[in-house]
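Each chain, letter by letter, is given below.
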Amino acid sequence: MNDKKSNKPLEDELLAGISGGTGAGHDCGLQEGEFPSPGRCFNKRWTSSGMVYRRACPHCSIWTSLPEGVNLVVANIFECTLLGYVKRVKE
C-alpha cells in the first residue's frame, strides 16, 4: 500500500491505524480462516440471476469468474487489500 501523496510505502505501524469503520481491518479481529465473513466483508442476496455478493467493507473486493468447465461452474474471488487475504469460493 502506498501513501498517495508521496507514493512511498507506508510503515506497518501506520497501516495498523487504517480502518474503514466496520469491516475487515486490524480492529475487526478477523482471522484468515474466518475470511470472508458475511456481514463484515460482504453481504449476499438472491436475485433472478442467482446469488449476488456486495462488499460490506471498504478494504474488500469481490470478483466473479466466467463460467468454466463442463458444468459451467462460477467462482467468486474475495480479497482483503488491508490484510492480504484472498479466497476463491465456488457456487
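Residues numbered from 1 in each chain as written. Predicted model: local features only at pLDDT ≥ 70, side-chain atom pairs only at ≥ 80, totals over all residues. Heavy atoms only, no water.

Points about the environment of proline 58
Link 1 in the chain: When you line up the elements, proline 58 lands in the loop between β4 (50-55) and β5 (60-64).
Link 2 in the chain: The class for proline 58 is partly exposed, based on a relative accessible area of 44%.
Link 3 in the chain: For the pair proline 58 and phenylalanine 42, spaced 16 residues apart in the sequence, the C-alpha separation amounts to 10.0 Å. (Helix = DSSP H or I, 4+ residues; strand = E, 2+ residues; numbered from the N terminus. Buried < 20%, exposed > 50% of the residue type's maximum accessible area, 1.4 Å probe, protein only.)

Description of the confidence of the model for the chain
Link 1 in the chain: In the predicted model, the chain carries a mean pLDDT of 78, and the fraction of residues at 70 or more is 70%.
Link 2 in the chain: Segment residues 12-26 is flagged for pLDDT under 50; beyond a separation of four residues in sequence, or across chains, it makes 30 contacts in the model. (pLDDT = per-residue confidence, 0-100. Contact = heavy atoms within 4.5 Å.)

Observations regarding the state of the cysteines
Link 1 in the chain: Counting across every chain of the model gives zero disulfides.
Link 2 in the chain: Free of any disulfide, cysteine 57 has its nearest neighbouring cysteine sulfur in cysteine 60, separated by 4.0 Å.
Link 3 in the chain: For cysteine 57, a relative accessible area of 2% corresponds to the buried category. (Disulfide = S-S within 2.5 Å.)

With respect to the environment of serine 61
Link 1 in the chain: Inspection of the secondary structure puts serine 61 in strand β5.
Link 2 in the chain: With 18 residues separating them along the chain, serine 61 and glutamate 79 place their C-alpha atoms 5.2 Å apart.

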